[in-house]
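Spelled out, the chains give:
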Amino acid sequence: MVKLVYCLRRLPHLSREEFQTYWRENHGPLVRRTAGPVNIRRYVQIHTIDFQRPAGVRQAIERPEPFDGVAELWWDSAGDFAPENPSGERQQSIAAHIEDEQKFI
């Protein structure tokens, strides 16, 4: 198995809710529709909650803002993840993923 994990932050002009709605209702279905040509075995979206750290913790520990979500993608093998001769349909599907990602991450 090959597994990729992407930690996501939304575009600055999107609220957390707008980001998560777009990801769930637009990008997720796109990935599912194109899973075959890209050989994706499993796709998981992990949506974070809006959690505010207590003021004392925020002051004591300087950390970046939490991620807005985590995406997991699974393939059966390295060959499925990165085939030597990818099909045109695979290349188009990956291009569609990248183009769509620019709308929310």
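Draft legend 1. The arrangement of the environment of L11 in detail. The residue L11 is located in the loop between β1 (2–8) and α1 (16–33) in this model. With sequence-adjacent residues up to four places away left out, L11 is seen in contact with Q102, K103, F104 and I105.

Draft legend 2. Molecular detail of the pattern of salt bridges. Taken as a whole and assessed by the stated rule, the structure comprises five salt bridges. In this structure, the salt-bridge partner of K3 is E72, at a minimum N-O distance of 3.5 Å. One end of the pair, K3, is in strand β1; the other, E72, is in strand β3 (residues 69–75), with 69 residues separating them in the sequence. A relative accessible area of 40% places K3 in the partly exposed class. The salt bridge partner of R16 is D68, with a shortest N-O separation of 3.7 Å. In this pair, R16 sits in helix α1 while D68 sits in the loop between α3 (55–60) and β3, placing the two residues 52 residues apart along the sequence. In this pair, the class of R16 matches that of D68, namely buried. A single network of salt bridges, built from pairs that share partners, joins R10, R16 and D68.

Draft legend 3. The arrangement of the sheet that holds β1 in detail. Taken in spatial order, the three strands make up an open sheet running β1-β3-β2, and their pairing is antiparallel. Looking along the sheet, the strands with just one partner apiece sit at the ends: β1 and β2 (42–47). For this sheet, the mean inter-axis angle between neighbouring strands, taken without regard to orientation, is 15 degrees. Two elements, β2 and β3, share six bridges in a ladder whose sense is antiparallel. Residue pairing in the sheet places Y43 in a bridge with L73 of β3.

The rules behind each value
Residues numbered from 1 in each chain as written. Predicted model: local features only at pLDDT ≥ 70, side-chain atom pairs only at ≥ 80, totals over all residues. Heavy atoms only, no water. Helix = DSSP H or I, 4+ residues; strand = E, 2+ residues; numbered from the N terminus. Contact = heavy atoms within 4.5 Å. Salt bridge = Lys/Arg side-chain N within 4 Å of Asp/Glu carboxyl O. Buried < 20%, exposed > 50% of the residue type's maximum accessible area, 1.4 Å probe, protein only. Pairing = 2+ DSSP bridges. Axes fitted to C-alpha atoms, helices over the stretch in contact; angles between N-to-C directions.

By themselves, these observations are geometric and do not establish any function.
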